[in-house]
There are 2 protein chains.
Amino acid sequence: MKIALAQLNYHVGNFESNTKKIIDHIKLAKADGADLVVFAELAVCGYPPRDFLEFEEFITLCEEAGEEIASHCEGIACIVGLPVRNEQAAGKDLFNAAYFIADKQIRSIARKALLPNYDVFDEYRYFEPASQFECIDYKGTRIALTICEDLWNINNNPLYVSNPMDELIKQRPDVMINIAASPFSYQHDDERRIVLADNAKKYNLPLLYVNQVGAQTELIFDGGSMVFDKEGNMLDEMPYFKEYLRTYTLAGQRIEGYSPVEHVLVPDIAQIHDALVMGIQDYFVKSGFSKAVLGLSGGIDSAIVCALACRALGPENVMAVLMPSKYSSDHSIQDALDLVENFGCKHEIISIAEAADAFDSMMAGAFKGLPFNLTEENIQARSRGIVVMAMSNKFGYILLNTSNKSECAVGYGTLYGDMCGAIGVIGDVYKTQIYELAHYINKDKELIPENTIVKPPSAELRPGQKDSDSLPDYDTLDTILYQFIELKKTSKDIIAMGYEEGLVRRIIKMVNGAEFKRYQTPPILRVSPKAFGSGRRMPIVGKYLA
Amino acid sequence: MKIALAQLNYHVGNFESNTKKIIDHIKLAKADGADLVVFAELAVCGYPPRDFLEFEEFITLCEEAGEEIASHCEGIACIVGLPVRNEQAAGKDLFNAAYFIADKQIRSIARKALLPNYDVFDEYRYFEPASQFECIDYKGTRIALTICEDLWNINNNPLYVSNPMDELIKQRPDVMINIAASPFSYQHDDERRIVLADNAKKYNLPLLYVNQVGAQTELIFDGGSMVFDKEGNMLDEMPYFKEYLRTYTLAGQRIEGYSPVEHVLVPDIAQIHDALVMGIQDYFVKSGFSKAVLGLSGGIDSAIVCALACRALGPENVMAVLMPSKYSSDHSIQDALDLVENFGCKHEIISIAEAADAFDSMMAGAFKGLPFNLTEENIQARSRGIVVMAMSNKFGYILLNTSNKSECAVGYGTLYGDMCGAIGVIGDVYKTQIYELAHYINKDKELIPENTIVKPPSAELRPGQKDSDSLPDYDTLDTILYQFIELKKTSKDIIAMGYEEGLVRRIIKMVNGAEFKRYQTPPILRVSPKAFGSGRRMPIVGKYLA
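Note that the coordinates shown come from a computational prediction; the quantities given were computed from them, not determined experimentally. (Residues numbered from 1 in each chain as written. Chains lettered and ligands numbered in written order. Predicted model: local features only at pLDDT ≥ 70, side-chain atom pairs only at ≥ 80, totals over all residues.)

1. What about the confidence of the model for chain A?
In this model, chain A carries a mean pLDDT of 96, and residues with pLDDT of at least 70 account for 99%. On the interface metric, ipTM, the complex scores 0.96, and its pTM is 0.97. (pLDDT = per-residue confidence, 0-100.)

2. A closer look at the sheet that holds strand β18 (residues 346-349) of chain B
Residues and elements named next belong to chain B. Sheet architecture is open: five strands sit in the order β18-β17-β16-β19-β20, paired in parallel fashion. The open sheet terminates on both sides in strands that have one partner only, identified here as β18 and β20 (423-424). With two bridges connecting them, strand β16 (residues 292-295) and strand β19 (residues 398-401) associate as parallel partners. Across the sheet, the residue bridging to Val293 is Leu399, located in β19. (Pairing = 2+ DSSP bridges. Helix = DSSP H or I, 4+ residues; strand = E, 2+ residues; numbered from the N terminus.)

3. Here we look at the UniProt feature "domain: CN hydrolase" (unreviewed entry) in chain A
Within this structure's numbering, the places UniProt gives as "domain: CN hydrolase" (unreviewed entry) are residues 1-252 of chain A. The distance separating the terminal C-alpha atoms of residues 1-252 of chain A is 9 Å; by composition the span is 21% helix and 30% strand. (UniProt positions renumbered as here; feature names shortened; annotations may be inferred.)

4. Some remarks on the UniProt feature "binding site: deamido-NAD(+)" (unreviewed entry) in chain A
Per the UniProt annotation, the sites labelled "binding site: deamido-NAD(+)" (unreviewed entry) are Asn378(A), Glu407(A) and Lys517(A). Mapping Asn378(A) onto the fold places it in helix α9 (residues 374-395). In this structure, Asn378(A) is in contact with Thr414(A), Gly417(A), Met389(B) and Asn393(B), ignoring residues within four places of it in sequence. Topologically, Lys517(A) is positioned in helix α16 (residues 515-519). A residue is classified by how many C-beta atoms lie within 10 Å of it, and Lys517(A), with 20 of them, is buried. In contact with Lys517(A), other than residues within four places in its own chain, are Gly411(A), Leu415(A) and Met419(A). (Contact = placed C-beta atoms within 7 Å. Buried ≥ 20, exposed ≤ 12 C-beta atoms within 10 Å, placed from the backbone.)

5. Considering the pairing of strand β13 (residues 234-237) of chain A
Residues and elements named next belong to chain A. By the bridge criterion, three bridges tie strand β12 (residues 226-228) to β13 in an arrangement that is antiparallel. When the bridges of β13 are listed, Met226 appears paired with Glu237. Between the antiparallel neighbours β12 and β13 lie five residues, among them Gly232 with a positive phi of about 90 degrees.

6. Let's talk about unusual backbone geometry
Residue and element names in this part refer to chain A. With an omega of 0 degrees, the peptide bond between Tyr47 and Pro48 qualifies as cis. Within the secondary structure layout, Pro48 lies in the loop between β2 (36-38) and α2 (56-70). Of note in this structure, Arg50 is not a glycine but carries a positive phi near 50 degrees. Looking at where Arg50 falls in the secondary structure, it is placed in the loop between β2 and α2. On the basis of neighbour counts, which here come to 21 C-beta atoms within 10 Å, the residue Arg50 falls in the buried class. You will see that Asn204, though not glycine, has its phi angle at about 55 degrees, which is positive. Classification of Asn204 by C-beta neighbours within 10 Å gives exposed; the count is 11.

7. Brief notes about helix α13 (residues 474-485) of chain A
All names here are of chain A. Across its twelve residues, α13 extends 15 Å between first and last C-alpha, which sits within 8% of the 16 Å expected from 1.5 Å per residue. By the burial criterion, the buried members of α13 are Tyr474, Leu477, Asp478, Ile480, Leu481, Phe484 and Ile485. When α13 is viewed along its axis, its buried side chains cluster within an angular range of 165 degrees and face the same direction. The inward-facing, buried residues of α13 contact α10 (405-410), α11 (431-441), α14 (491-496) and α15 (501-513). (Expected span 1.5 Å × (residues − 1). Arc of directions from axis to C-beta.)

8. Let's talk about the interface of chain B and chain A
By a widely used convention, the size of an interface equals the accessible area lost when the partners come together. Between chain B and chain A, the residue contacts involve 77 residues of the former and 77 residues of the latter. The set of elements that each furnish at least two residues to the side of chain B that touches chain A consists of α2 (56-70), α5 (268-287), α8 (353-367), α9 (374-395) and α16 (515-519) of chain B. Considering every element that reaches the side of chain B that touches chain A, the biggest residue donor is α9(B), with 13 residues. Of the residues in the side of chain B that touches chain A, the class split is 42 nonpolar, 18 polar and 17 charged. (Nonpolar A, V, L, I, M, F, W, Y, C, P; charged D, E, K, R; others polar.)

9. What about the packing of helix α1 (residues 15-31) of chain A against α2(A)?
All names here are of chain A. Interhelical geometry of α1 versus α2 gives an angle of 25 degrees and a closest axis separation of 10 Å. Viewed along their axes, α1 and α2 adopt a mutual orientation that is roughly parallel. The element α1 and its partner α2 pack so that their crossing is right-handed. Here Phe15, Thr19, Ile22 and Ile23 of α1 lie close against α2, whose contacting residues are Leu61, Ala65, Glu68 and Ile69. Residues belonging to the contact of α1 with α2 are distributed by class as follows: six nonpolar, one polar and one charged. (Axes fitted to C-alpha atoms, helices over the stretch in contact; angles between N-to-C directions. Parallel < 35°, antiparallel > 145°, perpendicular 65-115°, else oblique. Left-handed = near helix turned anticlockwise from the far one by under 90°.)

10. Focus on the environment of Arg107(B)
All names here are of chain B. Among the secondary structure elements, Arg107 is positioned in strand β5 (residues 105-111). For Arg107, a count of 15 C-beta atoms within 10 Å translates into the label partly exposed. Sequence spacing of Arg107 and His25 is 82 residues, and the spatial spacing of their C-alpha atoms is 20 Å. In this view, Arg107 contacts Phe100, Ile101 and Ala102; residues no more than four positions away in its chain are not counted.

11. Thoughts on the relation of the copies chain B and chain A
For the match of chain B to chain A, the screw axis carries a shift of 0.0 Å, the RMSD comes to 0.0 Å, and the turn is 180 degrees. The relationship between the two copies is best expressed as a two-fold rotation axis. Within chain B, the C-alpha atom positioned nearest to the axis of rotation is that of Gln520(B), 2.1 Å from it. In this assembly, 100% of the residues forming the interface of chain B have copies in chain A that are likewise at the interface, indicating an isologous arrangement. (Least-squares fit on C-alpha atoms with pLDDT ≥ 70 in both.)

As structure tokens, this is what we get:
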């Protein structure tokens, strides 16, 4: 039997384009001689559909798309993910499910049992967990079909009390197929490969795995669909961040008909780079916009965002706005202009001096000679926010936010100022990783100006200001942040690593104290296992750690 | 047996104050002759603790607080809610649980089975559902103790496939006790009373119910703790929005020792008023601030927020900033000043003309004679945002957001302008309800100036602008919004109610198109069954309905 895996980029709620794409690939797979073509989890509606699932009409549209897809399955079978209704009176109204379609008929429905409800996942918000499992018999092959998380309960501290494959294996299947919508993080690829290999070994079955690709607002799917033999060897892996269709031959329990790949370990920073480019691209394509604007300071953060935007959208679609103030250093404008020239994007230079003076004068009465402090720094950052938002409003540009994860973490940024934007491009990338990204982008040629990379980071909101005035060096800061945010270590654990107690406590307090700011920041492209946003839900008015 | 119910205001993660409050009320209950005192769900850590629950140290602090509380239970027993560890290898790491403490010992632990995971609730993110249930025997009385949602699965379309009381009833208990953290909405009180009465009737048992009171950022708990006889008659209900301790005598299955209450139906608008006052109050008290600032336009929305803030914080702690532009009408300043005088709060008048002129001049090159449009309107709104944030930064005031639910819904507001603020006071109150609130506040005396109430609503961002230029009348708008947001009706359903098709589709499109704005707005005090914020999770770059 020939099985095609279709690794595609869906768009949440866009039934027209998702259905067309699925039908097109049914035809392509058929042309390729496939007996069965497999699409990802919730392919029909895109993942994550979130509370769209609570609208009756949305489910009806899923069903109609399912029927439309079925009508094209002539001479080829198909597995495709979609939500289906729970016909029982008790329990949630929906299942996260997949149709098995053959001869234009929906022959059976597989339902997901293990519903991820941690980090960015909310599946138990919508879905009832399945409790009954049945293999699919097709052309003499018995297929154990599972959905994503259903295969992930095999470690030593399992999150769920049951294991769907333990039931399905009793029916003596010949092969496992798993369809997924498993979002990217730079640590996820290794973990995924191990979990899938462990399943192949545990159940002594070959395994075909199909993932989604593409970004849905902040969540990025990297693809990386794979096939394994029953000894758990990975036989093939599809490219990351690309749509792909490939057909495999299943001969008994042997997978054939592929060009054997040697798995090339892609460095994390390259994965992050590609993920962010796709994240920007899909944000624009799927929301129907093409042009971006950003504030370009001459510093490294906005330089990286500008570089990524030029790669994602084309430099002709990127407008960099240079907004010097009286505290801007001489080299800032030049560094920014060098970058603009290297990438070939558009730019404007708009000084914020007039606005800063106007607010000084307006507030003079209320502030009655009180000294310059953070207030006036924020006024500058917010005046820049008004300028870039004015460019956005007047010309239909979408504003890219340039805050990095280190500053988001400690609240080193001005709400309604530099924290503005439609999408946070590097809000899940620590400052130390930003430097890695710069070197990666510059690997063949100096595109990010060297001076931007080597100069000490500064917000340039008062004379001679440097990040290091109020923060430790970024190596130290990022290590402490990673231990606290990604690993959820306590201050005690982190101090035991050799960091100074006062510093550790101060940083953790800064992180928790900035929760109210992060609540109001744009969605952030997720590239780590723990990004700010829907995957990290902290109380705002909470006392613990504050 | 005498049972005291303690309806208290906890603070998420504030173990020191929660523990002290619980111990104080153990003493008060003991002084009142109680054999048992009952505290709410997750009283020890406050509700909702959110991802604090994922920190190992947080759970240890809960355990330590539990031990401390136990050590004070001499001569009185206590039921108190807290998270406990799941000792099994499989499943989530925690249970949502309650200690039963007697003679200073934790005698038993009740675990919650039904975990709400809809709207604002995420309990399955943290907790394993319980599958074993045991009654508590104490002083000859057998108590069926359940936690909040455990009693809510009794309607015709149950959300869960099991019912913990169906197990507990087999052990022939004498009385039911339910501890809750059930957030307020203006529709919730009636529903709650019916559900609890239905339980008393179904299981033919008296029922004592304890709820939390107080606000945790956006979630407001109204209290309303109640006792029922086994025929389902409500015998007593504690006051809303107040801490309360009351002792009841359980004689066999009869509840005595209370002054019988006649339930007075509190009008929705009065409940909303009191909820918002408590919401403001607790935001400030629990975050350690005392002073508020807001922009006061002369319109009804900011007038209501100012009135509520004065009641919550005292007028001496409220700073109203009047920020006229060249488009402000003559009466706006006067209406705002009348309000300031009526409530006695502080005020400043700061014109934004200079800022608007500065930005006009700064953008002149980039905008090369393009006509005045929404861009310049937004510049004005954002200049006001800078002014009130400058007041906030300079003086430590907390900015109150004044956007109402109708405008949040359709995106009629400027991001980083009038959508700024630390907390959205009326973001869950439709414009038509804002008028009701004004009449309620004015019920004894004209406090909100009559002119503010009767004049046509306007953003005053261009000459002669009125809300009705681009929106239907608010009665129509709010009805359509309520059908779509609260009831999740489709456009087809709403059109069938007699509304014009083009209008309905345009409004639904506006609501969905404003998702990116709402993502970046402050937390909103929740008073309806479906507020914007954590209870409504919509895709941003989604196609459906957009």
